Amino acid sequence: MLAKWKKMRYNMGERKHCFMTEVADINIRELASLAGVSIATVSRVINNPQLVQPDTREHVLEVMRRVNYTPAWTVESRLSSRSRLIAFLFSEADYYFYSDIRSGLESIAGLRGYTVLFCPIAAEQQRRSQQLRTIFEQKLDGAIWALRDFYPEDIKMIDERQVPLVLARKYDSAPTDRYNCCYINFAEASYRMTRHLLEMGHRRIGLMFENVSQQFMNSFCQGWELALKEEAAPREASLLLNAPNSMAGGYAKTMELLDAGEMPEAVFCASDEQAFGVLKAAHEKGVRVPEELAVAGFTDSPMSNLCDPELTTIDLPIYRLGIIAARMLFDVIEDTGSEVTPGEVVLQPKLRIRRSCGNEKPINVLFE
């Protein structure tokens, strides 16, 4: 192996190395030896980087760069006519919701030499279809669909272009035998949060959401309704609170309910931004949280631990969703002939329990 280098100095104990010339034709076993790690660790860095400690991952990647190591499947793909572009398609209104998915997608795509195009798509049908046609006029190697709903006419356009597609949300109308699918279980998230509010002694629990996506509304309401049904708690239509998915939306709806004397005991919001608006309105009206009104969010915003009181919310594994969606897509893109059977991966949420719902125990995250 040493014959492959003109000059090389490598200190295994301190993990320092100096290469005097570029290295070629090195295999994974030799790379592992140079990096002072196991072959399994090198394999995980290439295929499952999220499983490797950051310092170890960066060390192995640095050794790969210094010796000009390229995995075999990347060499093959460089010989092809691929564009090395993939698109992540999501609804404009979910821009901040998907902010953490970028690093997950790029941790997989980057190792394969791909660039990820982040494409916010309009909700209005004509504009949405025009945007998608423009995007797919480019030569894409694959796409990940995370729009709020499954639009058959737009999906058909993508299929006609024979672009591999992975679904990154749950769509009841999507054919499960045609597409790889991974998604966060919104119904389970809604169920767990509603159960928590019931356990805190609240009975009339309002569900605040923006009624712009039938698919999301079905999933979100499903868990809420099931939890209330199990406890024979009220679940009348007046507890479904339609409001814009923003702080202003949550604020305006709460002021309206308080002025009308129709505020429920607890409000479970479809986003933390809505919940912040509820908290602001309650503060201005002198309504004590959580003594007189419990408030819960959904998206675990960085601000949820800084507001007063701290906001109980849902921790959604967005970063991991990006990793799994990218891996599913590359399973199809890099398939060399054997048929890939479409699969489904369901990611489970966690509750982040804080003071806004009445919790007094010294616990910040509830694992279930």
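Predicted model, so just to flag it, every value in this text is computed and none were measured.

Parameters and conventions
Residues numbered from 1 in each chain as written. Predicted model: local features only at pLDDT ≥ 70, side-chain atom pairs only at ≥ 80, totals over all residues. Heavy atoms only, no water. Helix = DSSP H or I, 4+ residues; strand = E, 2+ residues; numbered from the N terminus. Buried < 20%, exposed > 50% of the residue type's maximum accessible area, 1.4 Å probe, protein only. Contact = heavy atoms within 4.5 Å. Expected span 1.5 Å × (residues − 1). Polar contact = N/O pair within 3.5 Å; in protein donor to acceptor, adjacent residues only side chain to side chain. Arc of directions from axis to C-beta. Phe/Tyr/Trp six-rings, centres within 6.5 Å; stacked < 30°, edge-to-face > 60°. Lys NZ or Arg CZ within 6 Å of the ring centre and 35° of its normal. Salt bridge = Lys/Arg side-chain N within 4 Å of Asp/Glu carboxyl O. Pairing = 2+ DSSP bridges. Right-handed = clockwise from strand over helix to strand, strands pointing away. Axes fitted to C-alpha atoms, helices over the stretch in contact; angles between N-to-C directions. Parallel < 35°, antiparallel > 145°, perpendicular 65-115°, else oblique. Nonpolar A, V, L, I, M, F, W, Y, C, P; charged D, E, K, R; others polar. Left-handed = near helix turned anticlockwise from the far one by under 90°.

Caption draft 1: Region of interest: the overall build of the protein chain. When its secondary structure is counted, the protein chain shows 12 helices and 14 strands. Expressed as a percentage of its 368 residues, the buried residues of the protein chain come to 51%. Restricting the contact set of the protein chain to residue pairs at least 6 apart, pairs at least 24 apart contribute 69%.

Caption draft 2: Local environment of helix H8 (residues 186-199). Between its first and last C-alpha, H8 extends 20 Å over 14 residues, near the 20 Å set by a 1.5 Å rise per residue. Of all the 14 residues making up H8, 10 are buried; the element is thus mostly covered by neighbouring parts of the structure. Burial in H8 covers these residues: Phe186, Ala187, Ala189, Ser190, Arg192, Met193, Thr194, His196, Leu197 and Leu198. Sitting at the amino-terminal end of H8 is Asn185, which places a side-chain oxygen 3.3 Å from the backbone nitrogen of Ala187.

Caption draft 3: Seen up close, helix H6 (residues 125-136). Across its 12 residues, H6 extends 16 Å between first and last C-alpha, which sits within 8% of the 16 Å expected from 1.5 Å per residue. Within H6, burial applies to Arg128, Ser129, Gln131, Leu132, Ile135 and Phe136. Across the axial projection of H6, the buried residues extend over an arc of 160°, all falling on one side. In this structure, the buried residues of H6 make contact with strand E3 (85-91), strand E4 (115-121), strand E5 (142-146) and helix H7 (152-160). Here H6 starts with a cap whose side-chain oxygen sits 3.0 Å from the backbone nitrogen of Gln126, and that cap is Glu124.

Caption draft 4: Highlighting the packing of aromatic side chains. Across all of its chains, the model carries 20 aromatic pairs by this definition. Between the aromatic rings of Phe90 and Tyr95, the centroid separation amounts to 6.1 Å while the plane-to-plane angle is 45°, which identifies the pairing as tilted. Judged by relative accessible area, Phe90 falls into the buried class, the value being 3%. Ring centres 6.5 Å apart and planes at 75° place the aromatic pair Phe209 and Phe220 in the edge-to-face group. With Phe209 in strand E8 (residues 205-209) and Phe220 in helix H9 (residues 214-230), this pair connects stretches of sequence that are 11 residues apart. As far as burial versus exposure is concerned, Phe209 and Phe220 are alike and both buried. Over the ring of Phe118 we find Arg102, and its NZ or CZ is 3.9 Å from the ring centre. The residue whose ring lies beneath Arg112 is Phe330, and the NZ or CZ to ring-centre distance is 5.1 Å.

Caption draft 5: Fine view of the pattern of salt bridges. With the rule as written, the count across this model stands at 23 salt bridges. Linking Glu62 and Arg65 is a salt bridge whose minimum nitrogen-to-oxygen distance equals 3.0 Å. Highlighted residues: Glu62 and Arg65, both in helix H3 (residues 54-66), separated by three residues, approximately one helical turn. By relative accessible area, which is 53% here, Arg65 ends up exposed. Note that Arg66 and Glu62 form a salt bridge whose closest N and O atoms lie 2.7 Å from each other. In this pair, Arg66 and Glu62 both sit in helix H3, four residues apart, roughly one turn of the helix. You can call Glu62 partly exposed: its relative accessible area is 26%.

Caption draft 6: Spotlight on the pairing of E4. Bridge count between E3 and E4: seven bridges; the pairing is parallel. Pairing of Ile86 across the sheet is with Val116, part of E4. Following the backbone out of E3, through helix H5 (residues 101-109) and into the adjacent parallel E4, one traces a crossover that is right-handed.

Caption draft 7: Quick peek at the sheet that holds E8. Taken in spatial order, the four strands line up as E9-E8-E10-E11 in an open sheet, and their pairing is parallel. The open sheet is flanked by strand E9 (240-242) and strand E11 (294-296), the only strands paired with a single partner. With strand direction ignored, the average angle separating the axes of adjacent strands in the sheet is 20°. Bridging between strand E10 (residues 266-269) and E11 involves three bridges; their strand directions are parallel.

Caption draft 8: Highlighting the packing of H6 against H7. Contact geometry of H6 with H7 gives a least axis separation of 10 Å together with a crossing angle of 10°. By the angle class used here, H6 and H7 are roughly parallel. Each of Gln125, Arg128, Ser129, Leu132, Arg133 and Phe136 in H6 lies in contact with H7, whose residues at this interface are Glu153, Asp154, Met157 and Ile158. In terms of residue class, the contact of H6 with H7 is built from four nonpolar, two polar and four charged.

Caption draft 9: Structural view of the packing of helix H10 (residues 247-260) against helix H11 (residues 272-284). At a minimum axis separation of 6 Å, H10 and H11 run at an interaxial angle of 40°. One finds that H10 runs oblique with respect to H11. Note on packing geometry: the crossing formed by H10 with H11 is right-handed. Seen from H10, the contacting residues are Met247, Gly250, Tyr251, Thr254, Met255 and Leu258; seen from H11, they are Glu273, Gln274, Phe276, Gly277, Val278, Lys280, Ala281, Ala282 and Glu284. The residue makeup of the contact of H10 with H11, split by class, is eight nonpolar, four polar and three charged.

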